[in-house]
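# Survey of secondary and tertiary structure
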Amino acid sequence: MTFERPRTGFAGLLLAVLLGGALSLRAQDRDPADDAPVEVAPSLDELKLVAQQAAIPHLGGGNPFILRESTWSGTVEPGKTRLIQVQLFKRNDYHFWIAMPDRKAAVNLNLYNGKGELLEAKSLRYESPNIASLITSPTETGVYYLRISLQTTVGKAQPWTVIYAYR
Amino acid sequence: MVMNRSVLLPLIVLGFHAAVVAQDAPGRIDLNDPNLVMVESSAIPIPVEIFTSLDKLGTQDWSKHVVEREIRLDANRSRTAMLFGLVVSDGFIAVQAQDKEAVRRVGREVLRLASSLGVAGSVEQHANAIVNAAGQGQWPVVRKELDKTRQTVLNRMTEMRDDELVALVSLGGWLGGTQTLAAVLKQNYSVEGSDLLNQPDLVKQLKKDFNTLPARAKRGKVFNQVTQTLDHLESLMRADASGAISEGKVIEISLSTKNLVDSIYDI
C-alpha cells in the first residue's frame with residue numbers, strides 16, 4: 001500500500017531540523033513524569049525530513065547529488081519485505097535513503113536488476129539502524145527493484161519513506 | 001500506527017555517521033513470486049534526470065529544442081493536466097539550454113495552467129521562484145523549483161481526490177521529455193545514447209495507469225491517440241540484445257511522440 005502527503009521543501013527541512021533540535025532540548029529538560037506515553041501518529045513528512053537530513057551531506061560539494069521531490073511511502077511488518085520498481089539510467093549515479101520512526105527498527109536496502117539478481121551497491125549505515133541508504137551506478141538503462149527489508153528487532157509494523165537523488 | 005513522541009524527537013537531531021557495511025540479502029529473487037509485495041506507485045523520471053546521463057556523452061545543443069507554443073485552454077481538465085506536465089518538461093529543456101526568457105515563460109504558463117486546474121495557490125511561490133532564479137541564471141534552483149512545482153501539483157491533486165489528473169500530469173511530463181530525448185538522439189544518433197530510450201516497463205506502467213482512468217477523464221479524440229501512441233511506444237522503446245535502440249526506432253519514437261504532443265496542444 002502506498003500513500004502520499006504534502007511535501008516539504010528544503011527551507012522547510014532546515015526549519016524543521018532547527019525546530020526539532022529545540023524541541024528535543026526542551027524534551028530533555030522535562031520532568032520524567034511528563035514522559036508518560038504521548039502517542040502521536042507518525043507523519044510521513046517527519047519521516048521524509050529524517051531521510052532528507054541523512055541526505056544533506058551528499059547534496060553539496062564538488063559532485064553533489066540532486067534530490068528529487070518524489071517519494072515512496074508505505075508500511076512493512078517485521079521480517080517482511082517490500083519491492084519498489086525504479087527506472088534507472090546508465091551513466092547516472094543514484095542514492096536512495098529510507099527512514100522509519102522507531103530507532104530500534106533495523107532496515108536494509110538492496111538493489112536487484114530486472115532479472116531479480118542482487119547488484120553490488122554501496123550501502124551506508126547511520127547512527128541508528130532505522131535509517132539506511134544505498135548508492136548505485138547502473139551499468140544498463142532499465143528497470144530495477146529496490147528491496148526494503150525490516151528485521152525482527154521491533155514488534156510492530158513500521159511506516160517508511162524512501163527518497164532518492166541522482167547525479 | 002502510533003509512536004511515542006520521545007522516540008521521534010531524538011531522531012530529528014541525530015548525527016549521521018556513514019560507513020560501508022555488508023548486508024544479508026538473497027542473491028536472487030523471483031520477481032514472479034506471488035508473495036512479493038510490490039509498492040504500486042511509481043516515480044516517473046523527470047527529463048533532467050535523463051538529460052544528465054545524455055550530457056555525459058558529450059555536449060548537446062539544447063537550444064534547438066526550446067520551442068515556444070501558444071497554449072489555448074478549453075474546459076477539458078484532463079487535457080489541461082497533460083499540458084501542465086508538458087510545460088514543466090519544457091521548463092527542464094529550457095534550463096538545459098540556459099534560456100532565461102524561455103524559463104520565465106514556462107514559469108508564467110505553469111501558473112496559468114495551475115489556476116485552470118484550481119491549484120494556483122500551492123504553485124504560486126514555486127512559479128515565482130522559477131522566474132526569479134531564471135533571471136539570475138541560478139539553474140540548479142530553477143531545476144529544483146520545477147521539480148517542486150510538479151510534485152506540489154501532484155500532491156494537491158491527490159488531496160483533492162483528482163487522482164486521474166495526477167496520472168495525466170505525470171504522463172504529460174514523461175511524454176515531453178521523451179519527445180525531446182528522441183529528437184536529440186535523432187539529430188545526433190549514437191548507440192550509447194539510444195539506451196536511454198529503453199523504457200518498456202515504464203511505458204507499460206504509464207499505459208496501465210492511463211487505461212485504468214475512468215472514461216470521463218479520457219473524453220476527447222486526443223485520448224484515443226494517447227492509447228495508440230503508448231501501445232506503439234511500448235514495442236519501440238525496448239532495447240535489442242546489444243542494449244541499443246536502432247536509429248530507425250529512434251526516428252519512429254520521435255515522430256510518434258511529436259505527433260501526440262502536437263495533438264495535445266491543438267484544440
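The rules behind each value
- Residues numbered from 1 in each chain as written.
- Chains lettered and ligands numbered in written order.
- Predicted model: local features only at pLDDT ≥ 70, side-chain atom pairs only at ≥ 80, totals over all residues.
- Heavy atoms only, no water.
- Helix = DSSP H or I, 4+ residues; strand = E, 2+ residues; numbered from the N terminus.
- Buried < 20%, exposed > 50% of the residue type's maximum accessible area, 1.4 Å probe, protein only.
- Contact = heavy atoms within 4.5 Å.
- Axes fitted to C-alpha atoms, helices over the stretch in contact; angles between N-to-C directions.
- Parallel < 35°, antiparallel > 145°, perpendicular 65-115°, else oblique.
- Left-handed = near helix turned anticlockwise from the far one by under 90°.
- Nonpolar A, V, L, I, M, F, W, Y, C, P; charged D, E, K, R; others polar.
- pLDDT = per-residue confidence, 0-100.
- Salt bridge = Lys/Arg side-chain N within 4 Å of Asp/Glu carboxyl O.
- Pairing = 2+ DSSP bridges.
- Polar contact = N/O pair within 3.5 Å; in protein donor to acceptor, adjacent residues only side chain to side chain.

Turning our attention to the overall build of chain A. When helices and strands are counted, chain A shows two helices and nine strands. Expressed as a percentage of the 167 residues in chain A, the buried residues total 53%. By sequence separation, contacts in chain A at least 24 residues apart represent 82% of the contacts at least 6 residues apart.

The subject of this paragraph is the packing of helix α3 (residues 77-96) of chain B against helix α11 (residues 247-265) of chain B. Residues and elements named next belong to chain B. Interhelical geometry of α3 versus α11 gives an angle of 120 degrees and a closest axis separation of 10 Å. Of the possible angle classes, the one that applies to α3 and α11 is oblique. Considering the relative orientation of α3 and α11, their crossing is left-handed. In this structure, α3 contributes R79, M82, L83, L86, V87 and D90 to the contact, and α11 contributes V261, I264 and Y265. Residues belonging to the contact of α3 with α11 are distributed by class as follows: seven nonpolar, no polar and two charged.

Residue and element names in this part refer to chain B. At their nearest, the axes of helix α4 (residues 100-117) and helix α6 (residues 139-159) sit 12 Å apart, and the two run at 10 degrees to each other. Between α4 and α6, the interaxial angle falls into the category roughly parallel. Facing K100, V103, V106, V110 and L117 of α4, the residues of α6 in contact are W139, V142, L146, T149 and M157. Partitioned by chemical class, the residues of the contact of α4 with α6 number eight nonpolar, one polar and one charged.

Our focus in this paragraph is the confidence of the model for chain A. Residue and element names in this part refer to chain A. Averaged over all residues, the pLDDT of chain A equals 82, while 75% of them reach at least 70. Per-element mean pLDDT across chain A ranges from 36 in helix α1 (residues 10-29) up to 98 in strand β4 (residues 94-99). Across residues 1-36, where pLDDT falls below 50, the model places 54 contacts with residues more than four positions away in sequence or in other chains.

Across all of its chains, the model carries 20 salt bridges over all chains by this definition. The salt bridge involving E69 of chain A is made with K144 of chain B; its shortest N-O contact spans 3.2 Å. Of the two residues, E69 of chain A sits in strand β2 (residues 66-76) while K144 of chain B sits in helix α6, which places them in two different chains. Side by side, E69 of chain A and K144 of chain B carry an identical accessibility label, which is buried. In this structure, D262 of chain B and R69 of chain B form a salt bridge, with 3.1 Å as the shortest nitrogen-oxygen distance. Of the two residues, D262 of chain B sits in helix α11 while R69 of chain B sits in the loop between α2 (47-55) and α3, which places them 193 residues apart along the sequence. Via salt bridges that share partners, R68 of chain A together with E49 and D147 of chain B belong to a single interconnected network.

Turning to the sheet that holds strand β3 (residues 38-39) of chain B, a few remarks are in order. Spatial ordering of the open sheet is given by β5(A)-β8(A)-β3(A)-β3(B), a layout of four strands whose pairing is mixed. With partners counted over all chains shown, the strands left at the sheet margins are β5 (107-112) of chain A together with β3 of chain B, one partner each.

Here we come to the environment of F84 of chain B. Residues and elements named next belong to chain B. Here F84 lies in helix α3. On the basis of relative accessible area, F84 is assigned to the buried category, the value being 0%. A sequence separation of 28 residues divides F84 from R112, and the C-alpha atoms of the two residues are 9.4 Å apart. Apart from residues no more than four positions distant in its own chain, F84 is found in contact with V110, L113, A114, L117, T149, R150, V153 and V169.

All names here are of chain B. Mapped onto the fold, H126 is located in helix α5 (residues 120-135). By relative accessible area, which is 10% here, H126 ends up buried. In this structure the side chain of H126 is engaged in a polar contact, spanning 2.8 Å, whose partner is the side chain of E145.

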